[in-house]
Amino acid sequence: MKRRTFLERGSLLTVGALMYEHMAWAFQNDRVQVAAKDQLYELFKTPQTIYRPFVRWWWNGDKVEKEELLRELKLLKDAGIGGVEINPIKFPQRTDDMGIRSLTWLSDEWVDVLDFTLTEAKKLGLTCDLIVGSGWPFGAEYLQGDECADIMTIGVKKVTGLMDFEVPILDFIKEADPATTSPYAHRKLEIQKVFMVPDPMKSLDEVVDLSDQIASGFIKVKVPRGNYAIYALLKTRAFLEVINGAPGANGQVLNHFNKAAVEKYLNHMSDAIQKRIGPLKNRVRALFVDSMELEGANWTGDMADQFKKRRGYDIMPYLPLIFSKIGAMGNVYDYNYGTRFTPEFQDIIERVRCDFDRTKVELLKERFVEPFQQWCKNNGMLSRAQAYGRGYHPLEASMGMDLPEGETWIKYGIGEEMPETDYRIGRAYSMANKFVSSGAHLAGKRVVSCEEATNTDMVFNASLQTLKLASDQSLITGITHSVYHGFNYSPKNAPFPGWIRYGNFMNERNTYWPFFKRINDYKARVSALLQHADMFADIAILPPLFDSWGKFGAPNEPFPSLTYPANLSLIWEAMQQHGNGCDYVSDSIINKAVIKDGFLEYGPRKYHTLFLVHVQSLEPVTARKLLQFVQSGGKVICVQNMPDKSVGLLNADEQTKLVRNILEELKTFKDRFIFTEHPEENYPAWYKALQQKYDIKPYVTVTDGNPFIQQVRYSNETVEMLLVFNSSANYPFKVTFQPDAAIYEGRFGHYWDAVTGELYRLENDRQITVTLYPADMRIFVFEKEQRKKSPVYREVPESEGQYPEITTPWTAEFRHIDGSIKTASLTGLKDLKDMPGYQDFAGTVIYRNTLSKTTNGPSYIDLGGVQGIAQLTLNGKDLGVRWFGRYLYHVQPWMQSGTNTIEIAVTTTMGNYMKSLTDNPVAQYWTNGKRKPQPMRSMGLLGPVTVF
């Protein structure tokens, strides 16, 4: 980069800071540079509002009023929130709407309220995003004909001959009617064809066409001896209704494969708003598309023609054979629904199925993704989208979005265990996040957004520590900014607990609300830092997308029950656990990459090693690029499979022969084209062995790590950074990190504390030994100058089992959120859920005791186990709040001779209390309902409280 450009960009953080504070966002998600260390640290210590977490702000039923909107904006501002995503949605059931009427989406009155909100948010320095439509996938009642989403499905009846088979067409229609989450009541179902095939089937020549009987209303056929399957192909027009759409934005779902319909819909939205209140530019940062959840939408008027144009053959003879039985979300729930195929014909079907998904991805890109991005640009706003799965290319669709977005969930088990048997257990990040962040990195973007802490399981039970665990796991995958899921518009006087659509009950009535700003300060510091650097990756991973699409079809949700391969996330986890960084890439990325001196280079990224994970299918052009990479000195490691066939059906034999010829040449590079089987278990050990055997150099060596310990590296022109994580909710781990010379040479190591904003020197920055406590994350920054005046970072020793604990009886005052107050004498500390009369408590418990000062101390008080948020007061002096990890206090400066009084105020979660409110339908739905009954949660001060 030229010095002039470098300094100009750096000025954004100096004389331009005030202007930057009021910008909607860095408009092209540009790689904003930092000119000097003090600017970066100041940005970290006191982050500007734009780096703070945003919230999804559900306008429940659009029952919104200006006075309440302003109150909630101020509430969010005071809680450390930096912006809102305005999200109209259907009013939640079981909720008292207090007689407040709904506004109609895009009506003059609704637009005026939006105008008021944008004006007041700007006065408060809050950024606003606006969702496209309402609910998901978006649509409207005014859509007609080809503007509505269509789907092709199958109904299959298996029969055994000899027999005369007869069945009404209506039976096939019932069988094939797509079992979606929200079927449109007035959908039109049309049988397209009916045919019989043997089971198993070996070619299209065996098809017995029965379509001429459709008009009669019955299908009659003499079934020969043996097993057969009778297929009916059903086209359902306008098959889907918007899920949870607000008034005026419900009705049929838009056909995202129809460019004219897409542009008409988008322009209708922007015109309705801007013709009344003027341009949204500089008032709305981004227009947002949620995960579309098209529930299997797979058809449009010219789909067959487009398929033939792009793939070179007719899809229609194969179409019913590539489908399976689908259910909610459009996900397959029966892969054995239709006939079986011989191995040779199975290969043909998988090639066609892959070709069909490739065609859908291309059409969605051309007819929805690109028009959406252009619409945003034309109107002076950024494009923000969860562009993964559901018809998108899971990697490449994020690359063109100004603000690509992933998704992180809170589920029971987070931080408890991280098994290799099920990627969904213990992990907050979705399968989508690594694809989204990789796409962002390949496109040179530093702002990677995340719908964070999505919560439908633990409403009322998500603590601040739980939110931090989820947030930190987002960071592990490459996320740099958070949009919480979410904040409900809920009038102050709404009956308890208020209006709840989804989320973590981010509400002033939540027990954690007085402390909520603390996690938002933490997250703002981390975002401010990471958005001025690049996540480092030296390894690329090619997932087997073509094989996955061919075998199973593209998944329709971020947590699919069936993934291929099931171990994909375990491989990148293992890499990061052992000191490397990685991105996913695609065949197209490899094809466009530059090969130079043993590196695969694309945009700002360069990789010395490429892992092909379970990849069987390659196009010849991709295979040739791999050969060039290996010839140049790069490494290719094939996990479980070596590619041995081409992609797609057209000229399959010829293309496969080309791929195999190139593979034979690749195999001659035995030290750089490598095959390895995946392990049955212990992926970290497996990967470490690969590192050592094939000289894959880590940039940091991790000693005494485990599956809970992760690291990522970020860098820019002035600093190198290592972020290290403990994703355990319960256990501390002492771990040693040894950075590579490329990180520390010519630099000095410091610890930047994202919780406090303080900075420390490292006594030894070549070998960093640190105890990572539950939900802990540390940032080690390597700078070109040493901060000699900063204190040296020193660990406080462990206390449990080594130092005396307070064993004298405690007095406890229970301040319930219902206003009641009780007191009790406790002979020992105990989990409140195990104490009769206190299992249903929610609020703050103040534990009181005394301790004596001696000539040797104490210097510290360690509260031991705490389930909640703790605040320590010593002799009337407030010593601060601890809300995760180690609940340790330095007390020596405030100790007095003789007796000292301590008060430990522990604020609990409120789920146990909500479970007890049997006459409150909202509380019962989220805690005891048929959905997922929430377990009783531990609460209070568990100890032991030790002094030393």
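If you're wondering where the values come from, they're calculated on a predicted model, not measured in any experiment.

Peer 1: Sorry, what's going on with the overall build of the protein chain here?
Peer 2: Along its length, the protein chain carries 21 helices and 44 strands. Taking 2.2 N^0.38 as the reference for a compact globule, 948 residues should give roughly 30 Å; the C-alpha atoms of the protein chain span a radius of gyration of 30 Å, in line with that estimate. Taking the principal axes of its C-alpha atoms as reference, the protein chain extends roughly 100 × 70 × 60 Å. Put simply, 80% of the contacts in the protein chain that link residues at least 6 apart link residues at least 24 apart. Of the roughly 35,500 Å² of accessible surface on the protein chain, 48% is carried by carbon and sulfur atoms.

Peer 1: What exactly am I supposed to notice about the pattern of salt bridges here?
Peer 2: One side chain can pair with another of opposite charge once the charged atoms of both are near each other. One pass over the full model with this rule turns up 54 salt bridges. In this structure, the salt-bridge partner of Asp129 is Arg384, at a minimum N-O distance of 3.0 Å. Of this pair, Asp129 sits in strand β3 (residues 127–131) while Arg384 is found in strand β13 (residues 382–385), placing the two residues 255 residues apart along the sequence. A salt bridge links Arg787 to Glu783; the shortest N-O distance between them is 2.9 Å. One salt-bridge network, held together by shared partners, links Arg56, Glu85, Asp129, Arg285, Asp290, Arg384, Glu405 and Glu451.

Peer 1: Would you mind going over the nonpolar core with me for this structure?
Peer 2: It is characteristic of soluble globular proteins that their nonpolar side chains tend to be buried jointly. One finds Phe372, Phe516 and Phe611 to be the most contacted residues of the largest nonpolar core, which totals 225 residues. Setting aside chain neighbours within four positions, we find Phe611 in contact with Ile539, Ala540, Ile541, Leu542, Met575, Ile637, Val639, Trp686, Tyr687, Leu690 and Ile696. Core analysis: the second largest hydrophobic core is formed by 30 residues, Ile861, Val891, Ile904 and Val945 among them.

Peer 1: Can you walk me through the packing of helix α14 (residues 568–577) against helix α18 (residues 683–694) in this structure?
Peer 2: Working note: a packed helix pair is described by the angle between its axes plus the distance between those axes. Look at α14 against α18: their axes get within 8 Å of each other, and the N-to-C directions meet at 65°. The interaxial crossing formed by α14 with α18 has right-handed handedness. Judged by residue contacts, Leu570, Ile571, Ala574, Met575 and Gln577 of α14 engage Tyr683, Pro684, Trp686 and Tyr687 from α18. For the contact of α14 with α18, the class distribution of residues is eight nonpolar, one polar and no charged.

Peer 1: Looking at this structure, I do not really get the state of the cysteines. What am I missing?
Peer 2: Put plainly, a disulfide is one covalent bond tying together the sulfur atoms of two cysteines. As enumerated under the stated definition, the model contains zero disulfides in all. Between Cys376, a free cysteine, and Cys128, which holds the nearest cysteine sulfur, the sulfur-to-sulfur gap is 16 Å. Its relative accessible area of 0% is what places Cys376 among the buried residues. Cysteine Cys638 is unpaired, with the sulfur of Cys582 as its nearest cysteine sulfur at 17 Å.

Peer 1: Hey, could you run me through the sheet that holds strand β5 (residues 151–168) in this one?
Peer 2: Pairing between the strands of a sheet is mediated by backbone hydrogen bonds and can be parallel or antiparallel. Spatial ordering of the open sheet is given by β5-β8-β6-β7, a layout of four strands whose pairing is antiparallel. In this open sheet, the two strands that pair with only one neighbour each are β5 and β7 (208–209). Strands β5, β6 (188–198) and β8 (218–237) of the sheet are contacted by helix α6 (residues 169–176), whose axis makes an angle of about 135° with β5.

Calculation notes
- Residues numbered from 1 in each chain as written.
- Predicted model: local features only at pLDDT ≥ 70, side-chain atom pairs only at ≥ 80, totals over all residues.
- Heavy atoms only, no water.
- Helix = DSSP H or I, 4+ residues; strand = E, 2+ residues; numbered from the N terminus.
- Rg over C-alpha atoms; globule rule 2.2 N^0.38 Å.
- Contact = heavy atoms within 4.5 Å.
- Areas by Shrake-Rupley, 256 points an atom, 1.4 Å probe, with all protein chains shown as cover.
- Salt bridge = Lys/Arg side-chain N within 4 Å of Asp/Glu carboxyl O.
- Core = buried A, V, L, I, M, F, W, Y, C linked by side-chain atoms within 4.5 Å.
- Buried < 20%, exposed > 50% of the residue type's maximum accessible area, 1.4 Å probe, protein only.
- Axes fitted to C-alpha atoms, helices over the stretch in contact; angles between N-to-C directions.
- Left-handed = near helix turned anticlockwise from the far one by under 90°.
- Nonpolar A, V, L, I, M, F, W, Y, C, P; charged D, E, K, R; others polar.
- Disulfide = S-S within 2.5 Å.
- Pairing = 2+ DSSP bridges.

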